[in-house]
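This is what each chain is made of:
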Amino acid sequence: MSQTVTRFAPSPSGYLHIGGARTALFSWLYARHMKGRFVLRIEDTDAVRSTRESVDAIFEALNWLGMAWDEGPFFQSERFHLYEAFLKKLIDSGQAYYCTCSSEKVELMRKRAMEAGGKPKYDGSCREKGLSKSKDSVIRFKSPLLGATVLEDVVKGRIVFQNQEMDDFIIQRSDGMPTYNFAVVVDDITMGINTVLRGDDHVMNTPKQILLYKALDSPLPTFGHVPMVLGHDRTRLSKRHGAMSVTAYRDMGYLPQAVLNYLVRLGWSYGDQEFFTVDELISKFDIKNLGRSAGVFNPEKLLALNAEHIKATPPEKLAPHLLPFLKQRGYPAEKGQYLNNVIATLKLRSKTLVEMAESASFYYVDKPDYDSKAVKTFLKADIIEVLEMLADKLEQAEDLSVEIQEKAFGEVLETTGIKFGKVAQPVRVAITGKTVSPGIFEMIETLGKDRTILRLRAAIDLIKSPQGE
Ligand code: GLU
């Protein structure tokens, strides 16, 4: 068996959306799994709808997801010479012909065919006329009139299309543009693509493409048409169901590996396993396990999976993903041990990187943002003595390792007779300004001695000040 070659062929008329990313993912994973190649092709023959911004947005999203392509990007708009050469082949071999029927005339034919109880079809008026190219001529493919075209689909199984139902479809428009079905086949043949995975919105195109492969004497690729992704109401996924663009999830603080993991499960399964690392997906992904029923996009599940991936990812690997969010907030964060420690204290409690960056605030500001209710409830005069004693003890300590802190806290509790539960919240509020934070000891160890002492003393001053209690 020759090397597996898959492709992703987006039309650049918008951002990369969830559904497109999932199709790309299946093709990318399969190429990786089979140690094959993954080709990126930009289908930009529609000059009106295709934009450079969309192309860049697609690259950006694929890069963020880590789906590197091995070949391309190829642009259909740069391949017209090839389409011309293949059109000529079909014309010369009598398998395609010029047609000069006006669109009104074709419309009428279609109407008549429908009235006669058939499919709306072109009636083949120019099929045997032997016309040459002229100003308004299109090129049509000479479809077989009888027999059937069979699609052996790895997802949908065998689908038989009666050739009678197909008409002589256009392969080149009068403006010289190849049609989608024709350009795709020429590209897939010349790029050596042998596995075509795409959305099942294309399944009705496939028999036409199969006919073109046959006319061009080329072996058929393996086809797999995956069901569309649906929203919670089981209609086709759209903006109504939430953010659709892949990079919107990046901006909301999702990890690319979590998005990949979620996307793959919308149409592929491996027993009932839900959590996969990217390496695991590469080793386990097979097109045999692509599902026939449509996946339903569930933002809560994606969020839960993101939290799991954050938990499972080591701090130094989370750091580059978190940094932009910290910088966005104006924190002087840099990669390094301090950031890794900060992340270690927060990663079990953050569902997104946005949440993590918000919770990290107290590690990066000089003065924590005090929550007034928390201050009022926990920073009261009766705690001054404890805070002072604690600040003194910690100040004398060599460093603020967890053991040293435990010892210092222990001594303070013993001397004052207060329970840890009574001290914990005031200390937490003193240090973070809030009532919710990472564990006291790990947080203090991360924050470091100077800042901890400064904050304990600032809290004492706050209590003593006229605005305090
Ligand atoms: N350009 C097509 C689309 O965006 C995909 C074509 C294909 O995969 O064959 O839907």
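Residues numbered from 1 in each chain as written. Predicted model: local features only at pLDDT ≥ 70, side-chain atom pairs only at ≥ 80, totals over all residues. Heavy atoms only, no water.

All right, on to the overall build of the chain then. Counting its regular elements, the chain contains 20 helices and 10 strands. Projected onto its principal axes, the C-alpha coordinates of the chain cover approximately 105 × 45 × 40 Å. For the chain, buried positions account for 50% of its 469 residues. Expressed as a percentage of contacts within the chain between residues at least 6 apart in sequence, the contacts between residues at least 24 apart total 75%. (Helix = DSSP H or I, 4+ residues; strand = E, 2+ residues; numbered from the N terminus. Buried < 20%, exposed > 50% of the residue type's maximum accessible area, 1.4 Å probe, protein only. Contact = heavy atoms within 4.5 Å.)

Let us look at helix H11 (residues 315–328). For H11, spanning 14 residues, the distance from its first C-alpha to its last is 19 Å, which sits close to the expected 20 Å at 1.5 Å a residue. For H11, the principal kink sits at His321 and spans about 45°; a proline, Pro324, occurs within the next four residues. Of all the positions in H11, only Pro315, Leu318, Ala319, Leu322, Leu323, Phe325 and Leu326 are classed as buried. Packed against the buried residues of H11 are helix H7 (246–251), helix H10 (299–312), helix H12 (337–346), helix H13 (353–359) and helix H14 (361–364). Looking one or two residues past H11, Gly330 carries a phi angle of roughly 80°, positive in sign. (Expected span 1.5 Å × (residues − 1). Bend = angle between axes of the 7 residues up to and from the residue.)

Once that is clear, we can look at the environment of Lys121. You can see Lys121 is positioned in the loop between helix H4 (103–115) and strand E5 (138–141). Once the C-alpha coordinates of Lys121 and Gln164 are considered, the two residues, 43 residues apart in sequence, prove to be 9.8 Å apart. Residues contacting Lys121, with those up to four places away along its chain left out, are Met109, Arg110, Ala113, Gln164, Glu165, Met166 and Asp167.

Moving on to the side chain of Thr247. As for its position among the elements, Thr247 is in helix H7. When near neighbours in sequence (up to four residues on either side) are disregarded, Thr247 contacts Glu60 and Ala61.

Right, let's talk about the sheet that holds E5 for a bit. Two strands in a sheet stick together by hydrogen bonds in their backbones, pointing the same way (parallel) or opposite ways (antiparallel). As summarised here, the arrangement of the 3 strands in space is E4-E5-E8, forming an open sheet in which the pairing is antiparallel. Every other strand in the sheet has two partners, leaving strand E4 (96–99) and strand E8 (170–172) as the edge strands with one partner each. Within the sheet, the average angular offset between the axes of one strand and its neighbour, ignoring direction, is 45°. Where E4 and E5 come together, 4 bridges link them in antiparallel fashion. Residue pairing across strands places Tyr98 opposite Ile139, the latter belonging to E5. (Pairing = 2+ DSSP bridges. Axes fitted to C-alpha atoms, helices over the stretch in contact; angles between N-to-C directions.)

By nearness alone, every residue bordering the ligand is listed as Arg7, Ala9, Pro10, Ser11, Glu43, Tyr180, Arg198 and His202. A distance of 2.9 Å separates a nitrogen atom of the ligand from a polar side-chain atom of Ser11. Here an oxygen atom of the ligand sits 2.8 Å away from a polar atom, N or O, in the side chain of Tyr180. About the coverage of the ligand: the protein hides 80% of its 300 Å² of free accessible area. A majority-of-atoms criterion places the ligand in the largest pocket. (Near = heavy atom within 4 Å. Polar contact = N/O pair within 3.5 Å; in protein donor to acceptor, adjacent residues only side chain to side chain. Areas by Shrake-Rupley, 256 points an atom, 1.4 Å probe, with all protein chains shown as cover. 1 Å grid on protein atoms, 1.4 Å probe; cavity = no way out; pocket = protein on both sides within 12 Å on 5 of 7 lines; lining within 4 Å. Sits in = over half its atoms within 2 Å of the grid points.)

Core analysis: the biggest nonpolar cluster contains 56 residues, and Leu326, Tyr363, Tyr364 and Val427 have the highest contact counts within it. When residues in this core are grouped by element, the largest group, 7 residues, is from helix H16 (residues 384–396). The contacts of Val427, once residues within four sequence positions are left out, are Leu387, Leu390, Phe409, Ile440, Ile444 and Leu456. Core analysis: the second largest hydrophobic core is formed by 48 residues, Trp28, Leu29, Met244 and Val259 among them. (Core = buried A, V, L, I, M, F, W, Y, C linked by side-chain atoms within 4.5 Å.)

Two aromatic rings, taken as a pair, are described by how far apart their centres are and by the angle between their planes. As enumerated under the stated definition, the model contains 18 aromatic pairs in all. A ring pair is formed by Tyr338 and Tyr364, whose centres lie 5.7 Å apart and whose planes are at 85°; its orientation type is edge-to-face. Taken together, the residues Tyr338 in helix H12 and Tyr364 in helix H14 connect sequence positions 26 residues apart. A connected cluster of aromatic rings, assembled from ring pairs, spans Phe26, Trp268, Tyr270, Phe276 and Phe285. (Phe/Tyr/Trp six-rings, centres within 6.5 Å; stacked < 30°, edge-to-face > 60°.)

Bringing the pattern of salt bridges into the picture now. Pairs can form between side chains of opposite charge once their charged atoms are near each other. Following the criterion strictly, the structure yields 30 salt bridges and no others. The salt bridge partner of Glu71 is Arg37, with a shortest N-O separation of 2.2 Å. Separated by 34 residues along the polypeptide, Glu71 in strand E3 (residues 71–75) and Arg37 in strand E2 (residues 37–42) bring together distant segments of the chain. With a relative accessible area of 28%, Arg37 lands in the partly exposed category. Of the charged contacts, one joins Lys88 and Asp92 as a salt bridge, the two residues approaching to 2.8 Å between their closest N and O atoms. Placement of the pair is Lys88 and Asp92 together in helix H3 (residues 80–92), with a separation of 4 residues, close to one helical turn. (Salt bridge = Lys/Arg side-chain N within 4 Å of Asp/Glu carboxyl O.)

Looking now at the layout of surface pockets. Approximately 1,100 Å³ is the volume attributed to the largest pocket. For the largest pocket, the lining is made up of 42 residues, of which Pro10, Ser11, His17, Asp201 and His202 are closest to its centre. Elements with a contribution of two residues or more to the lining of the largest pocket: strand E1 (5–8), helix H1 (18–33), helix H5 (180–190) and strand E9 (195–199). Here the element with the most residues in the lining of the largest pocket is H1; it accounts for 5 residues. Within the lining of the largest pocket, the residues separate by chemical class into 18 nonpolar, 14 polar and 10 charged. (Points joined across faces, edges and corners; volume = space filled by probe spheres on them. Nonpolar A, V, L, I, M, F, W, Y, C, P; charged D, E, K, R; others polar.)

Among the 8 residues of helix H19 (residues 440–447), 6 are classified as buried, and the element is accordingly described as predominantly covered. Turning to H19, its buried residues are Ile440, Phe441, Met443, Ile444, Thr446 and Leu447. Where H19 is buried, its residues contact H12, H14, helix H17 (402–416), helix H18 (420–432) and helix H20 (449–464).

A grouping of Glu398, Asp399, Glu403, Glu406, Glu442 and Glu445 is seen on the molecular surface, where their side chains present a negatively charged patch. Mapped onto the negative patch, the elements with two or more residues apiece are H17 and H19. Note on placement: Asp399 falls in the loop between H16 and H17. Given the relative accessible area of 37%, Asp399 is considered partly exposed. (Patch = residues over 30% accessible without salt bridge, like charges linked within 9 Å, V, L, I, M, F, W, Y side chains within 5 Å. Lys, Arg positive; Asp, Glu negative; His and termini not counted. Charge placed at Lys NZ, Arg CZ, Asp CG, Glu CD.)

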